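# A structural walkthrough
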Amino acid sequence: MRHRIAVIGGGPAGLTFARVLHRHDHPVTVLERDPAPDARPPGGTLDLHEKLGQLALDKAGLLAEYQALSRPEGQAMRILDTDGTVLRDWQPRPDDRANPEIDRGQLRDLLLGPLNVQWGRGVTEVVPGTRDGVLVHFADGRQETFDLVVGADGAWSRVRPAVSSVTPHYTGVTSVETSLDDVDIRHPDLARLIGDGSMAVYGANRSLVAQRNSGGHVKVYARFRAPLDWHTNPGRHMGLNRRAGMDTGLDAGLDMADVEAVRSSLLALFDGWAAPVLDLLRHGTAFVHRPLYVLPVSHTWAHVPGVTLLGDAAHLMPPLGVGANLAMLEGAELAESVAAAPGPGDLDEAVRAFEEQMWVRAGRWAEITAAGLERLVSPDPAEALAVFDEVQPA
Ligand SMILES: Cc1cc2nc3c(=O)[nH]c(=O)nc-3n(C[C@H](O)[C@H](O)[C@H](O)COP(=O)(O)OP(=O)(O)OC[C@H]3O[C@@H](n4cnc5c(N)ncnc54)[C@H](O)[C@@H]3O)c2cc1C
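Residues numbered from 1 in each chain as written. Predicted model: local features only at pLDDT ≥ 70, side-chain atom pairs only at ≥ 80, totals over all residues. Heavy atoms only, no water.

### Overview of the overall build of the protein
Applied cut-off: Elements are defined by DSSP. Helices are runs of H or I of four residues or more, strands are runs of E of two residues or more, and each kind is numbered from the N terminus. Atoms counted for the radius of gyration: C-alpha only. Globule rule: 2.2 Å times residue count to the power 0.38. The buried label goes to any residue with under 20% of its type's maximum accessible area, the exposed label to any with over 50%, and the partly exposed label to all in between, with areas taken from a 1.4 Å probe on protein chains only.
Helix and strand counts for the protein come out as 13 helices and 19 strands. Taking 21 Å as the expected radius of gyration for a compact globule of 394 residues, we find that the protein reaches 22 Å, a close match to that expectation. When its C-alpha atoms are laid out on the principal axes, the protein stretches across 65 × 50 × 35 Å. Taking all 394 residues of the protein together, the buried fraction comes to 54%.

Spelled out as structure tokens, the structure:
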């Protein structure tokens, strides 16, 4: 008997789930809100860990293709002081395959392969327990019914309300991203500063991280502690910000679409840092504001037959290199369990057992990443260095 299965969201979680089901010859409907695979920039590079993301790709039969595409040299990590002194310069061994980097677009295309994704199908609501199964409502007014609906629709999941009333909350740390193109040709000094992988500079309550993607593209993340409305209502937080050593140079509100205004505000915020480091901001192109939200550590729910969640929809965490890895492994594990469940009762038992397993592992990582964010964006930059020394082999 074939269960009617839908996965909502074509990110790392949803595509891995669908790809592993496909490998088991089980039909699956993939419903994605974006109108096309390249409808928006895919985002920065991802490092896939041997025991998480790589294991998931192995379950999908895609490990060799990932190895051919990924960048082991991208594992290199350099830490600088705010005056530009190199404090750590870690290089992977040539045969190190623990966490090679891959561009998100490359990973998406690898997972898409033969999958028949339905693009432009934004889900608005999921209603479990109807006579014919789980009812899915779409933004265009259509509706469809399935035996199992898997919510892999990210941080602001529209599936999550069917199982849990919890919503993400702001961590107190925000992030402004920018990028540099053709760095080796256009900015050779910055290319040398960044090296083959990532470079991070930690100051009091703020950090700048630059990360190489393929083709000379570099993503830069400026992270700092700030109230959620630091840019729209700076006057209100002036005293608070100054006490925390944060001066955004703002008296009035900041239009985040005004590239030069955002650049000067960031340069004011990172004032006093070494000129070569600040060049990352001086040469950055557009700026994207992404406040960091999380779900509570150990987010669980009372099991609801016919609906479950994967990835960020289930356990949104600070972006410290593990979210996509967990999302993919969960997708692969759930797909294997579902493919091995012959009848309707077996399907529900398989999902229930999967959820228990996911909650334990995700809860552990949520704790680690929450503590990690506290230490990486903290009043004492030595904390960030200590985190690096704890996780990086000598
Ligand atoms: C700056 C940054 C760097 C990161 N670096 C790393 C890293 O190095 N390693 C790592 O493991 N993780 C990293 N992460 C975390 C990682 O990006 C996420 O954990 C991961 O993308 C989660 O995958 P997902 O499939 O659960 O959700 P998403 O990637 O958010 O995908 C959700 C998909 O669902 C679609 N969707 C949303 N709503 C609907 C709807 N209503 N109907 C239909 N479709 C919908 C979206 O369009 C999207 O395609 C990083 C995150 C950030 C922000």
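### Quick notes on helix 9 (residues 275-282)
Our working definition: The arc in question is formed by the directions pointing from the helix axis toward the C-beta atoms.
Among all positions in helix 9, only V277, L278, L280 and L281 are buried. The arc enclosing the buried residues of helix 9, seen along the axis, measures out at 130°, which places them on a common side.

### What about unusual backbone geometry?
Of note, D25 is a non-glycine position whose phi angle comes to about 60°, a positive value. You can see D25 is positioned in the loop between helix 1 (12-23) and strand 2 (29-31). Even without being a glycine, D182 presents a positive backbone phi close to 55°. Relative to the helices and strands, D182 is located in the loop between strand 13 (173-180) and helix 5 (183-186).

### Things to note about the environment of V277
Looking at the secondary structure, you find V277 in helix 9. According to the relative accessible area criterion, V277 is buried, its value standing at 1%. Sequence-wise, V277 and L15 are 262 residues apart; in three dimensions their C-alpha atoms are separated by 37 Å.

### With respect to the pairing of strand 11 (residues 148-151)
Counted only if it meets this: Being paired, for any two strands, means DSSP has found at least two bridges between them.
Of the two faces of strand 11, the one carrying L148 and V150 and the one carrying V149 and G151 are both buried. Judged from the 4 bridges that link them, strand 1 (residues 5-8) and strand 11 form a sheet pairing that is parallel. Bridged to I5 within strand 11 is L148. Pairing of strand 11 with strand 19 (residues 307-309) involves 3 bridges; the strand directions are parallel. Within strand 19, the position partnered with G151 by the bridge is L309.

### Some points on the packing of aromatic side chains
Rules: Any pair of Phe, Tyr and Trp rings, taking the six-membered ring for Trp, is counted once the centres come within 6.5 Å. Such a pair is stacked with planes under 30 degrees apart, edge-to-face with planes over 60 apart, and tilted for the rest.
With the rule as written, the count across this model stands at 5 aromatic pairs. For the pair Y170 and Y293, a centre-to-centre distance of 5.9 Å together with 55° between the ring planes defines the contact as tilted. Taken together, the positions of Y170 in strand 12 (residues 169-170) and Y293 in strand 18 (residues 293-294) put the pair 123 residues apart, joining distant regions of the chain. Ring centres of W301 and W359 lie 5.0 Å apart, and the angle between their planes is 85°; on these two criteria the pair is classed as edge-to-face.

### Observations concerning the sheet that holds strand 9 (residues 133-138)
For clarity, the threshold we go by: Angles here are taken between N-to-C directions and fall from 0 to 180 degrees, while the axes themselves are lines fitted to C-alpha atoms, restricted in helices to the stretch in contact.
Read across the open sheet, the 3 strands follow the order 8-9-10; overall the sheet is antiparallel. Only two strands of the sheet have a single neighbouring strand rather than two, namely strand 8 (123-130) and strand 10 (143-146). Taking each pair of neighbouring strands and ignoring which way they run, the sheet shows an average axis angle of 20°. Examined bridge by bridge, strand 9 and strand 10 share 4 bridges and lie antiparallel to one another.

### Digging into the site of the ligand
Quick reminder of the rule: Whether a residue is near a molecule or strand is decided by its heavy atoms; if any one of them lies within 4 Å of it, the residue is near. Definition of a polar contact: a pair of N or O atoms within 3.5 Å, with one able to donate and the other able to accept a hydrogen when the atoms are protein atoms, and with sequence-neighbouring residues admitted only if both atoms are side-chain atoms. In this description, accessible areas are obtained by the Shrake-Rupley approach with a 1.4 Å probe, and a residue is regarded as covered only by the protein chains that are shown.
Around the ligand sit 33 residues, and of these E32, R104, D312, A324 and N325 come closest. Between R40 and the ligand, the recorded distance is 3.1 Å, taken from a side-chain N or O atom to an oxygen atom. Within the backbone of A324, one N or O atom sits 2.9 Å away from an oxygen atom of the ligand. Relative to its unbound accessible area of 1,000 Å², the ligand is 86% covered by the protein chains.

### What to know about the sheet that holds strand 13
Rules: For this analysis, residues touch if any pair of their heavy atoms sits within 4.5 Å.
In spatial order, the strands read 5-4-14-15-16-13-17; together these 7 strands make up an open sheet with mixed pairing. Two strands in the sheet have a free side with no partner beyond their single neighbour: strand 5 (86-90) and strand 17 (288-289). Sheet analysis places strand 13 next to strand 17, joined by 2 bridges and oriented antiparallel. From the neighbouring strand, E177 faces strand 17, where its bridge partner is V288. Docked against the sheet, helix 13 (residues 381-391) engages strand 4 (77-80), strand 5 and strand 14 (198-203), running at close to 20° with respect to strand 5.

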